Amino acid sequence: MTEWSVLTRMWKLMRSLQLEVAPAFEGMGLAHNDHWLLATVDQHPYPTEIVNATKFPAPTVSQMLKRLETLGLVKRSLDPNDLRRYRFDLTEQGRQTNELGRQLMEKAIGKRLSRLEAHEQQELIWLLDRMIAEPLPAKE
């Protein structure tokens, strides 16, 4: 199997998940990556952390956060420990939207995982963890 065929399959899986949940997310006023950003904000409240966790460009994260703030899903505040630093937190509506988004994504991936035996699901998780581990040193 070539690297390209692996990438193609991974992209097709993610794309099929996104297409399945898109109508529900659009009904909530969310763009296609907003649910990922909400989940990230819940774990990483600082803009730099959000950029590092999502691997989205900083200007993209900034625009997405502004939109989510306008929708009332996140709130911006000064860090009480460092008044030069902003943080973002989910509002109650943001928490509910995040949980609903998680449920929708879990249902969509669950349909696909149900095609695998339990041991195959565990092996898939193990293999994915190996693939996303710290990058290997560059070959010289």
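Residues numbered from 1 in each chain as written. Predicted model: local features only at pLDDT ≥ 70, side-chain atom pairs only at ≥ 80, totals over all residues. Heavy atoms only, no water.

Student: What's the story with the nonpolar core in this structure? I'm lost.
Tutor: Taken as a class, soluble globular proteins show a tendency for nonpolar side chains to be buried jointly. By size, the foremost hydrophobic cluster in this structure holds 19 residues, and its most contacted members are Leu37, Leu38, Val41, Ile50, Leu65, Leu68 and Val74. Looking at this core, the elements that each hand over two or more residues are α1 (3–27), α2 (34–43), α4 (58–70), β2 (82–90) and α5 (92–113). At four residues, the largest contribution of residues to this core is made by α4. Those residues within four positions of Leu37 in sequence are excluded, and the remaining contacts are Ile50, Thr54, Met64, Leu65 and Leu68. (Core = buried A, V, L, I, M, F, W, Y, C linked by side-chain atoms within 4.5 Å. Buried < 20%, exposed > 50% of the residue type's maximum accessible area, 1.4 Å probe, protein only. Helix = DSSP H or I, 4+ residues; strand = E, 2+ residues; numbered from the N terminus. Contact = heavy atoms within 4.5 Å.)

Student: Just to check I follow, could you spell out the side chain of Ser5 for this structure?
Tutor: Relative to the assigned elements, Ser5 resides in helix α1. Polar side-chain contacts of Ser5 include one of 2.8 Å to the backbone oxygen of Thr2. (Polar contact = N/O pair within 3.5 Å; in protein donor to acceptor, adjacent residues only side chain to side chain.)

Student: Help me understand α4, please; the structure alone is not making it clear to me.
Tutor: Since one α-helical turn is 3.6 residues long, residues separated by three or four positions face the same way. The end-to-end C-alpha distance of α4 is 18 Å, a good match for the 18 Å that 13 residues give at a rise of 1.5 Å each. Within α4, the full set of buried residues consists of Val61, Met64, Leu65 and Leu68. Within α4, the buried residues cover an arc of 100° as seen down the axis, which keeps them to one side. For α4, exposure combined with an orientation more than 90 degrees from the buried face picks out Pro59, Gln63 and Thr70. Buried residues in α4 make contact with α2, α3 (47–54), β1 (74–79) and β2. Within two residues after α4, Gly72 carries a phi angle of roughly 80°, on the positive side. (Expected span 1.5 Å × (residues − 1). Arc of directions from axis to C-beta.)

Student: I would appreciate a short explanation of the pairing of β2 in the present structure.
Tutor: Consecutive residues of a regular strand have side chains that alternate between opposite faces of the sheet. Sheet topology places β1 next to β2; six bridges connect them, and they run antiparallel. Bridged to Val74 within β2 is Leu90. Between β1 and β2, which follow one another and run antiparallel, lie two residues. (Pairing = 2+ DSSP bridges.)

Student: Just checking my understanding: could you explain the environment of Ala58 for this structure?
Tutor: Residue position: Ala58 is located in helix α4. In the structure, Ala58 is positioned 11 residues away from Pro47 in sequence and 8.1 Å away in space, judged by C-alpha atoms.

Student: Is there a simple way to think about the packing of α1 against α5 in this case?
Tutor: Each pair of packed helices gets described by two things: the angle between the helix axes and the distance between those axes. Taken N-terminus to C-terminus, the directions of α1 and α5 make an angle of 135°; their axes are 10 Å apart at the nearest point. Viewed along their axes, α1 and α5 adopt a mutual orientation that is oblique. Crossing hand, α1 versus α5: right-handed. Along its contact with α1, which presents Leu13, Ser16, Leu17, Glu20, Val21, Ala24 and Phe25, the element α5 presents Gly101, Leu104, Met105, Ala108, Ile109, Lys111 and Arg112. Of the residues belonging to the contact of α1 with α5, the class tally is nine nonpolar, two polar and three charged. (Axes fitted to C-alpha atoms, helices over the stretch in contact; angles between N-to-C directions. Parallel < 35°, antiparallel > 145°, perpendicular 65-115°, else oblique. Left-handed = near helix turned anticlockwise from the far one by under 90°. Nonpolar A, V, L, I, M, F, W, Y, C, P; charged D, E, K, R; others polar.)

Student: Explain the packing of α2 against α3 here, please?
Tutor: It is at 10 Å that the axes of α2 and α3 come closest, and there the two elements cross at 125°. Taken together, the axes of α2 and α3 lie oblique to each other. Regarding α2 and α3, the two cross each other, and that crossing is right-handed. Where α2 abuts α3, its residues Leu37, Thr40 and Val41 lie against Ile50, Ala53 and Thr54.

Shape is all these values report; function is a separate question.
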